[in-house]
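Here's the letter readout for the chains.
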Amino acid sequence: MIRFKCLLLFLLLSPPLWADEGIVQFKALSGAGVLIQSALGETIVSQQHQQAFMPASTAKLMTAWLALTHWGEEYRFQTQFYFDDKTKTLWVKGGGDPFLISQELTLIAKNLKKRGIVRVNTIGLDTRLFSSGLIVPGSTTTSNPYDASPTALAANFNTIAVKKVAGKWVSAEPQTVLTPMAAKWAKRHSKLGNNLRVNTGRNTKNSERYFAELLAALMRKQGIKTANKVIWGTVPIAQSIYTHENSHTLADITQGMLTYSSNFIANQLVLVLAADYYQRPANFTDVADYISLKLKPLNWPDAVIVEGAGLSRDNRLSPAQLVSILTEFQRWRHLMPEVENGIYAKSGTLTGVSTLAGYMVDKHNDWHPFALMLPRSLSHQRRNAIVRKLARH
């Protein structure tokens, strides 16, 4: 503590290195939790490092650690397809794949054609992996992509990208077809502008219908005659016609989640983990119980994580706990985004909360885990500047 106070005094008295921000920003460290360790686990800087704070999106580090520990870097999510030749119904059994983007659905359409499917009258969706009507703790009802709801079958992270050209709504992505639901969503949100990316809402049936519509459109592009009729239920066929393995590994998906702070991916991951463990439709009560169970051997009674993205204000982690996770995460540190030169970290922001946790890399290429947790709002520039200054000393 004495060492930290001396360092803080040095920071406050040092001349500013960036005139537009000012060194007074370091007064924000009052009441903050900080822990920086050496590559050997020795404490370099600490303040309130055992106190629990809201982690915000640094909770995604725990989600990444749990997923990679459970499945491994090379794991690929699977989605199973069944075909009822009598009724020409294509059944899709959702596996919670968080990365079924348009390119993946195009691959699926091509592979279904290779397996002899020429006509589909109905697309059946088996979405029992997740409980119906899931609402992420801490989420809101905005149209922003960060509020996209999780579903067992999801296309493009349960978001729709559209733009208006010559007075008409079209897809904003060349690989994505404008479906009836996408056109409807564009009109619904037209007051937001002429170039939109919005989520598909909290009604999971809408998200699942969009998946089916987009798959149908992409199958038509492959020459498969496909209607837009969608039904929900249990797959009635024992033998699958095709199992799609995502072309992206879990390492790819995790890296994207950490780089772009995808709330959708994070909560898909923890829901599938819970479903795998409890062998029943996933829900957020099971998610909280699963995470608590996995943390029990670490003896962290004050740690609370109720969802995987860091949206909930009920989540609690301490700087010491985040650094412990980072110590375990060392073998996957290459998946972390570089937020400053030599600083690989995940940031977090909620109203009145600002966090940053990751690794500082010194001139000897030693990786030092750190966590900074502030019970107040700071711009990412100021937050990074604090860590940058701490890293130098």
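Now for a description of the structure that goes with this document. Residue indices begin from 1 for each chain and proceed along its sequence in written order. Residue-level local features of this predicted model are given only where pLDDT is at least 70; pairs of side-chain atoms are given and counted only at 80 or more, and the full residue set underlies all totals for whole chains, interfaces and linings. Side-chain measures were taken over the full set of non-hydrogen atoms in the model, leaving aside hydrogen atoms and water.

Overview of the overall build of the chain
In DSSP terms, a helix is any run of H or I states spanning at least four residues, a strand is any run of E spanning at least two, and both are numbered starting from the N terminus. Along the backbone of the chain there are ten helices and 14 strands. Expected size for 393 residues packed as a compact globule is a radius of gyration near 21 Å; at 23 Å, the chain falls within 12% of this value. With the C-alpha coordinates aligned to their principal axes, the bounding extent of the chain is approximately 75 × 50 × 35 Å. Counting only residues that meet the buried cut, the chain has 54% of its 393 residues in that class. All accessible-area figures derive from a Shrake-Rupley calculation using a 1.4 Å probe, and residue coverage is judged against the displayed protein chains alone. Taken as a whole, the chain presents about 17,200 Å² of accessible surface, with 51% of it coming from carbon and sulfur. Taken as two groups, the 44 positive and 27 negative side-chain charges of the chain have centres that lie 9 Å from each other. In this description the radius of gyration comes from C-alpha coordinates, and the expected globular size is given by 2.2 Å times residues to the power 0.38. Only protein chains enter the accessibility calculation, which uses a 1.4 Å probe; a residue whose area is less than 20% of its type maximum is buried, one above 50% is exposed, and one in between is partly exposed. We score Asp and Glu as negative and Lys and Arg as positive, and we do not count His or the chain ends. Taken as the charge centre is NZ of Lys, CZ of Arg, CG of Asp or CD of Glu, depending on the residue.

Overview of the sheet that holds strand E2 (residues 43–47)
Any two strands are treated as partners once DSSP identifies two or more bridges connecting them. Taken together, six strands build an open sheet; the order of strands is E2-E1-E14-E13-E12-E11 and the sheet is antiparallel. Strands with a single pairing partner mark the edges of an open sheet, and in this sheet they are E2 and strand E11 (338–340). Looking at each pair of strands side by side, their axes are set apart by 20 degrees on average, direction ignored. Two elements, strand E12 (residues 343–350) and strand E13 (residues 353–361), share eight bridges in a ladder whose sense is antiparallel. When the sheet's bridge partners are listed, Ser-347 is paired in E13 with Leu-356. Helix-sheet contacts for helix H9 (residues 319–328) involve strand E1 (33–37), E13 and strand E14 (367–374), and the interaxial angle to E14 is about 150 degrees. Angles shown run from 0 to 180 degrees and are taken between the N-to-C directions of axes, each axis being a line fitted to C-alpha atoms and, for helices, limited to the stretch in contact. We call two residues in contact when some of their heavy atoms are within 4.5 Å.

Overview of the nonpolar core
For soluble globular proteins, the rule of thumb is that nonpolar side chains tend to be buried together. Here the nonpolar core consists of buried residues drawn from Ala, Val, Leu, Ile, Met, Phe, Trp, Tyr and Cys, with membership extended through side-chain atoms lying within 4.5 Å. The biggest cluster of nonpolar side chains holds 61 residues, and the ones touching the most others in it are Met-62, Trp-65, Trp-71, Leu-269, Ile-291 and Phe-329. Of all the elements in the fold, those that place two or more residues in this core are helix H2 (59–71), helix H6 (250–260), helix H7 (263–278), helix H8 (284–295), H9, E13 and E14. Counting residues per element, this core draws most heavily on H7, which supplies ten residues. Counting 35 residues, the second-largest nonpolar core is a separate cluster that includes Met-181, Leu-215, Met-219 and Ile-224.

A look at the environment of Asn-111
Looking at where Asn-111 falls in the secondary structure, it is placed in helix H3 (residues 102–114). The class for Asn-111 is buried, based on a relative accessible area of 18%. Note: C-alpha distance between Asn-111 and Met-219 (108 residues apart in sequence) is 9.9 Å.

Describing helix H5 (residues 204–221)
Helix span, as expected, comes to 1.5 Å for every residue beyond the first. In this model H5 runs 26 Å from its N-terminal to its C-terminal C-alpha over 18 residues, within 8% of the 26 Å that 1.5 Å per residue would give. A large share of H5 lies buried, amounting to 13 of its 18 residues. By the criterion applied in these results, polar contacts are pairs of N or O atoms within 3.5 Å in which, for protein atoms, one can donate a hydrogen and the other can accept it, and in which residues neighboring in sequence qualify only through two side-chain atoms. Two or three places before Lys-205, at the opening of H5, Asn-203 has a side-chain oxygen 3.0 Å from that residue's backbone nitrogen. Just beyond H5, the residue with positive phi is Gly-223, at close to 90 degrees.

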